[in-house]
Amino acid sequence: MNPLCSRCNLVVYPTEKVNCLDKYWHKGCFSCEVCKMTLNMKNYKGFEKRPYCNAHYPKSSFTCVTDTPENLRLKQQSKIQSQRPSACSLL
Ligand SMILES: [Zn+2]
Ligand SMILES: [Zn+2]
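All of these numbers come straight from a predicted model, not from anything done at the bench. (Residues numbered from 1 in each chain as written. Chains lettered and ligands numbered in written order. Predicted model: local features only at pLDDT ≥ 70, side-chain atom pairs only at ≥ 80, totals over all residues. Heavy atoms only, no water.)

Draft legend 1. Inspection of the overall build of the protein at higher detail. When helices and strands are tallied, the protein shows two helices and four strands. Sequence-ordered secondary structure for the protein, helices as α and strands as β, is β-β-β-β-α-α. Residues counted as buried form 20% of the 91 residues belonging to the protein. Long-range contacts, defined here as pairs at least 24 residues apart, represent 14% of the contacts in the protein between residues at least 6 apart. (Helix = DSSP H or I, 4+ residues; strand = E, 2+ residues; numbered from the N terminus. Buried < 20%, exposed > 50% of the residue type's maximum accessible area, 1.4 Å probe, protein only. Contact = heavy atoms within 4.5 Å.)

So, in structure tokens, the structure goes:
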């Protein structure tokens, strides 16, 4: 039994098979999720079982909401208030 390509769902034959990220891909289907640049075992970056090129690999800074000083202050306040109201006297 030949596995199915994780990108196009067609059968992957051994000659064109790429086994990566616990899945099988056609060589041509193993490409960056964003720009579709064809990747190989050497230059791909895996993220959540999807291949990305170096430029589009989702870095944590892209998804995290930036902690502005104001945000941090609000976070700290709500934390203190929900835990121990008496800790407010420390401020
Ligand atoms: Zn494919
Ligand atoms: Zn890319």
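The structure having been displayed, the exposition proceeds.
Draft legend 2. Highlighting the coordination of the zinc ion (ligand 2). Within the protein, Cys32 (SG), Cys35 (SG), Cys53 (SG) and His56 (ND1) serve as the donor atoms for the zinc ion (ligand 2), at 2.0 to 2.4 Å. One way to put it: the four donor atoms around the zinc ion (ligand 2) meet at angles of 95 to 118 degrees, and that makes the site tetrahedral. (Donors = N, O, S within 2.8 Å, 3.2 Å for Na, K, Ca; no water. Tetrahedral: all angles 85-135°; square planar, octahedral: opposite > 155°, others 65-115°.)

Draft legend 3. Looking closely at the coordination of the zinc ion (ligand 1). Listed as protein donors to the zinc ion (ligand 1) are Cys5 (SG), Cys8 (SG), His26 (ND1) and Cys29 (SG); their distances from the metal cover 2.0 to 2.3 Å. What the four donor atoms of the zinc ion (ligand 1) show is an angle range of 102 to 115 degrees at the metal, which sorts the shape as tetrahedral.

Taken by themselves, the reported measurements are silent on function.
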